[in-house]
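# Per-entry structural report
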Amino acid sequence: MKILTIAGARPQFVKAAVVSRAIAAYNARAGSVRLTEAILHTGQHYDHNMSGVFFAEMEIPEPAVNLSIGSGLHGETTGAMIAGIEREIIGRKPDIVLVYGDTNSTMAGALAAAKLNVPVAHVEAGLRSFNRRMPEEINRVVTDHVASILLCPSKNSAEQLAREGVTEGVHVTGDVMYDAIVHYRKKAEPVKIDGPFALCTIHRAENTDDPERLAAIFAGLATCPIKIILPLHPRTRGMIERTGIALPENVDGCEPFSYLATLSHLASCSFVITDSGGLQKEAYFSGRKCVTLRDETEWTELVDAGANVLAGADPDRMASAMRWALSKSAPVFKPVYGDGNAGGKIVEILAGS
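The sections below set out a description of the structure shown in this document. Small disclaimer: the values here were computed from a predicted structure and weren't measured.

For the rest of this paragraph, the subject is the pairing of strand 8 (residues 197–201). Counting buried positions along strand 8 gives five out of five residues, so the element sits mostly inside the fold. Burial along strand 8 is two-sided: Phe-197, Leu-199 and Thr-201 facing one way and Ala-198 and Cys-200 facing the other are all buried. Taken together, the three bridges between strand 8 and strand 9 (residues 227–231) define a ladder with parallel strand orientation. From the neighbouring strand, Leu-199 faces strand 9, where its bridge partner is Ile-229. Taken together, the four bridges between strand 8 and strand 11 (residues 271–274) define a ladder with parallel strand orientation. What sits directly across from Leu-199, in strand 11, is Val-272.

Next comes the structure, spelled out in C-alpha cells:
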C-alpha cells in the first residue's frame with residue numbers, strides 16, 4: 001500500500017512523526033515493506049524554526065516533495081496547494097492520502113484526493129469549536145465530510161460525527177499527540193530559568209491580525225504575577241513590528257521553540273497560556289493547567305476536566321484565569337485521549353483498508 005502524507009504546519013509534523021514511526025514498526029513486524037509512505041510538505045510553515053528543525057529532531061523522513069507555497073490569502077494558498085497536491089497524486093498514484101488536523105494544507109489534501117477518487121484518511125476527525133468564523137473550523141468540517149477513514153482522538157469526536165450523519169469508516173484511536181509526548185519527553189532536557197514562569201504562545205489569526213485584540217491580550221498578560229516566556233510566531237512578531245505594540249515588562253519574547261524545547265518548558269513551567277489547540281493538549285498531557293486565549297475550543301474534554309479555562313482576549317477574564325492557574329486547586333488529569341498507542345492503531349486501520 002502506498003500512502004501519501006500531506007503536512008505543512010508545526011502540529012502536523014509532530015503528528016506525522018508518530019505515524020511514520022508506527023509505519024516503520026509495522027513493516028518491521030511484518031518482515032517486509034508492506035506500507036510505503038511519501039511525505040508531501042506544502043510549505044505552509046517554511047521558517048526553519050517552524051519546519052526544518054522538527055524533521056531533524058523528531059527523525060521524520062525527509063519530504064518527497066516540498067511545494068514551497070508559503071503564506072498568503074486563504075484562497076490563494078489553498079488553491080496553489082490543491083493544484084500542487086493534485087499533480088503529485090496523479091504522478092504517484094497513492095492508495096490513500098493521509099491528512100492531519102485542521103490547516104489549509106489538510107483541506108487542500110482532502111479536496112485534491114477526493115476529486116481524484118483517492119480515499120482520504122483524516123487524523124483528528126470529529127473535532128468542532130462550532131465557530132464558523134475560524135478558518136480551521138471550515139477546514140475540519142470539509143475534510144471530515146470527504147474523508148473515507150475518520151480517525152477520532154476521543155469518543156466525543158466520534159459522537160459529533162454521528163450527529164452530522166457520518167458513521168461509516170469512523171474509528172476512535174486516541175490522540176497521536178499523546179503518543180508523541182510519551183515518546184519524546186524522555187529526550188527533552190530540563191530548562192534552567194530563575195523563578196517560576198508561564199509558557200505562552202499566540203498565533204491564531206483572530207488574535208494576531210486584530211491590533212486591538214492583541215493589545216488587550218498583552219494587557220492581560222501584564223497582570224500575571226510571574227514571568228511569561230513567549231516564543232514569537234512569525235505572524236505575531238510581524239504584527240508587533242508593524243503596529244509598535246509593546247510586550248509587557250514581565251513577558252520575555254523569543255524565537256519559536258523546537259518540539260523538544262517546548263516539552264522542556266512544559267515540564268518546568270507553572271502553567272500554560274495559549275491559543276493553540278496542540279499546546280492545550282500538550283499542557284494537559286504534561287499535567288499543567290491551561291489558560292486559553294479563545295472563546296471556544298475544539299478540545300472540550302479539557303474544559304470538562306477542569307484543566308482548561310477559556311479567557312478570550314479579555315484582560316479581566318485572563319487575570320482571573322491566571323489566578324486560578326496559580327492556585328492549589330488540582331484538576332483531574334484523566335487519560336481521555338487514549339493509551340499512547342494511537343499511531344499503531346491508525347497504521348493497523350490503514351493497512352486493513
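The subject of this paragraph is the sheet that holds strand 3 (residues 65–66). The strands that make up a sheet pair up through hydrogen bonds in the backbone, lying either parallel or antiparallel. Read from one edge of the open sheet, seven strands run 3-2-1-4-5-6-7, paired in parallel fashion. Every other strand in the sheet has two partners, leaving strand 3 and strand 7 (170–172) as the edge strands with one partner each. Two strands pair when backbone bridges link them, and strand 5 (residues 120–123) and strand 6 (residues 149–152) are joined in this way by three bridges, in the parallel orientation. From the neighbouring strand, Val-123 faces strand 6, where its bridge partner is Leu-151. Relative to strand 4 (residues 96–100), helix 1 (residues 10–30) is tilted by about 135 degrees, and along the sheet it contacts strand 1 (2–7), strand 2 (36–41) and strand 4. Lying on the sheet, helix 3 (residues 74–92) is in contact with strand 1, strand 2, strand 3 and strand 4; it crosses strand 1 at an angle near 170 degrees.

For the rest of this paragraph, the subject is helix 12 (residues 277–285). Taken across its nine residues, helix 12 has nine buried, putting it largely inside the fold. If you check which residues of helix 12 are buried, you get Gly-277, Gly-278, Leu-279, Gln-280, Lys-281, Glu-282, Ala-283, Tyr-284 and Phe-285. Capping of helix 12 at its N-terminal end is provided by Ser-276; its side-chain oxygen lies 3.2 Å from the backbone amide nitrogen of Gly-278. Remark: Gly-287 follows helix 12 within two positions and exhibits a positive phi of approximately 75 degrees.

A few words on helix 5 (residues 135–146). End to end, helix 5 covers 17 Å across twelve residues, agreeing with the expected 16 Å (1.5 Å per residue, within 8%). Against strand 4, helix 4 (104–115), strand 5, strand 6 and helix 6 (155–163) lie the buried residues of helix 5.

The rules behind the values
Residues numbered from 1 in each chain as written. Predicted model: local features only at pLDDT ≥ 70, side-chain atom pairs only at ≥ 80, totals over all residues. Heavy atoms only, no water. Buried < 20%, exposed > 50% of the residue type's maximum accessible area, 1.4 Å probe, protein only. Helix = DSSP H or I, 4+ residues; strand = E, 2+ residues; numbered from the N terminus. Pairing = 2+ DSSP bridges. Contact = heavy atoms within 4.5 Å. Axes fitted to C-alpha atoms, helices over the stretch in contact; angles between N-to-C directions. Polar contact = N/O pair within 3.5 Å; in protein donor to acceptor, adjacent residues only side chain to side chain. Expected span 1.5 Å × (residues − 1).

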